[in-house]
Each structure stands twice: as C-alpha cells, then as structure tokens.
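Breakdown of the fold
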Amino acid sequence: MNEFKVYEHDINEKQKIIIIDIQEISIELEKEMDKYITEIWEGNTQGEIFDVKKQILKFLGEIEEDKKIGAIAEFFIHLYLKINKYEQYCLFQNLEEDKSFKKGFDGLYALNNENWLVESKSTEKIEKRHHSKILEAYNDLNKKVTGKESNNPWKNAYNHANNRDLNVPDDVRNAIRKLSSEYTNGIYTTLENYNIIPCSTKFFNKDKDKENIKTTTTEVENKIESFEFKKIKAICVNNKVADLFIQYLRKENE
C-alpha cells in the first residue's frame, strides 16, 4: 500500500506482526484520510468533512496532552484498518462523554466474517519499546474480558454497535448484547475466545529514534508467546506526523 510503509511478518496462520512507518502525510495518505475520516468519527452519516474536522479538533483541544497523543495514535489505527477493508463496528468518538475516551474497547472490527477486538497504546518516550506497549494493550484487553474492569466494556461496545450509522449485522449486535448481560451478572470469559489486535504507537521526531524492524519483530514475537488469543495481529506504528495531523484538521477550517 502506498499510503503507509508497511512490513508484515506472518508467524503462523494465527499470529501476525504488522509494523507501520508514517513519516509524512503524503498526497495519497491525505486522500485516504479525507475518504475515511467521517466514517471513522461518526459512521456512515455522509456528514461534511469540515464539520467532522472541527469536532475532532475541539475534542483534541479539550483533553490532556497525553490523551491527545493517544487519540491521534488511535485514529491512524482506525485508518489503517479501514484502508484494509475491515468492517467498522465502532466509532472513534465517545458516545457517552465528549471529553473522554471510550470506556470499552478502542475498536471492534470484522474481516472475512471474523470479529476483532482492538486496543491502542502509545508513547512519546524513546526508551519505551513497542513490545512493552503491546503488552500493555494486551493486559487492558485481558482485564476487560475477564471482569477485572469496573466498567462493562460490552455495554459500551453495544452502544456503538447499535448506532444506526454503523452497518453492524444483527447477529453481531445480539452477541454483544448477550456478552454485556453476562458481564453484568458476573459471567466472564477469556481472551482465548477472541481475535485481538493490540497496538503500539511510538511518536518520534528523528529517524534514529525509530525502532529497528528486525529487532521489533523479534521482541514482539517473543512477547506474544505468553498471550492468550484465538488469533492475534500485533500492530506497531512509528509515527512522525502528530503535528501534521493537527495541521490537516485545521486545513481549510481557519
């Protein structure tokens, strides 16, 4: 794909590592952002892209700096999945509180009739390694499905899946509602029953601060050996465009 520089490593049919390098917002990437930003934010509303950009700018301007970085990281995860034809069963925006992240999963997607739970973690610290953020994302997913999270993540997922601007199949929506009911009643599950996409984004300014692809692949592969999952796709993103993303949102809005 020309939009991102992507390296894919298939460990086996159930395990995959994807490393993405975002150095610039190229003409091709900007076209894809324009194509999908409204769907990512609010679903199939056919809303005006300039209105959506204003809403995202307002959202980013009202949250703390570390959460702002996390939101930008999450946007590019959504964008990558949309470009790769994953079906979107969630919204980027929070349906409950305008100034906070979603209380449930960062994403729920489907590809080839398989559902995937997405969790995104990010850092600006050069010393932090991708494999440690992948572990953090995995641990968050694990807490959410095993009942160690105070909020019911499936209730939030159902609120998103039930949105009329998302084309979520009835069987998927009903399955999420059942999981929400079970969670409320103390019936939990484990990650071995789910396809998961734990994500790590490292923001950098200098090329020398990027992680080496070979080293990252080895470290992440070693880390996920201890994980539980039905299938896993670990996504590691080297992102240099946080400020450029803000500029993109402001473009033609000032």
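Only a predicted model underlies this, so the values are computations on that prediction, with no experimental measurement involved. (Residues numbered from 1 in each chain as written. Predicted model: local features only at pLDDT ≥ 70, side-chain atom pairs only at ≥ 80, totals over all residues. Heavy atoms only, no water.)

**What about helix 3 (residues 65-83)?**
Taking 1.5 Å as the rise per residue, helix 3 with 19 residues should run 27 Å; its terminal C-alpha atoms sit 27 Å apart, in good agreement. For helix 3, the tally of buried residues reaches 16 of 19 residues, placing the bulk of the element in the interior. Of the residues flanking the end of helix 3, it is Lys85, one or two places downstream, whose phi is positive at about 70°. (Helix = DSSP H or I, 4+ residues; strand = E, 2+ residues; numbered from the N terminus. Expected span 1.5 Å × (residues − 1). Buried < 20%, exposed > 50% of the residue type's maximum accessible area, 1.4 Å probe, protein only.)

**Considering the side chain of Asp21**
Within the secondary structure layout, Asp21 lies in strand 2 (residues 15-22). Among the residues examined, Asp21 registers a relative accessible area of 12% and is labelled buried. A polar side-chain atom of Asp21 sits 3.5 Å from a polar atom in the side chain of Gln23. Once residues lying within four places of it in the same chain are set aside, the contact partners of Asp21 are Phe4, Lys5, Phe204, Lys210 and Asn238. (Polar contact = N/O pair within 3.5 Å; in protein donor to acceptor, adjacent residues only side chain to side chain. Contact = heavy atoms within 4.5 Å.)

**Quick word on the side chain of Thr201**
Its location among the elements puts Thr201 in strand 6 (residues 195-203). Residue Thr201 is classed as buried on the basis of its relative accessible area of 0%.

**Digging into the pairing of strand 6**
Judged by how many residues are buried, strand 6 sits mostly within the fold: 9 of 9 residues are covered. Of the two faces of strand 6, both are covered, the one formed by Asn195, Ile197, Cys199, Thr201 and Phe203 as well as the one formed by Ile196, Pro198, Ser200 and Lys202. Pairing analysis gives 8 bridges linking strand 5 (residues 114-123) to strand 6, with the strands arranged parallel. Within strand 6, the residue paired with Leu117 across the bridge is Ile196. (Pairing = 2+ DSSP bridges.)

**With respect to the nonpolar core**
Grouped together as the largest cluster of nonpolar side chains are 46 residues, with contacts concentrated most on Leu60, Phe76 and Leu79. The element best represented in this core is helix 3, accounting for 11 residues. Beyond its immediate sequence surroundings of up to four residues, Phe76 is in contact with Phe4, Ile22, Met33, Asn239, Val241 and Phe245. (Core = buried A, V, L, I, M, F, W, Y, C linked by side-chain atoms within 4.5 Å.)

**Here's the deal with the pattern of salt bridges**
In total, this model carries 18 salt bridges according to the counting rule given. With a closest N to O distance of 2.8 Å, Lys58 and Glu62 form a salt bridge. Across the salt bridge formed by Lys121 and Glu119, the nearest N and O atoms sit 4.0 Å from each other. Through salt bridges with shared partners, one network takes in Glu119, Lys121, Asp140 and Lys144. (Salt bridge = Lys/Arg side-chain N within 4 Å of Asp/Glu carboxyl O.)

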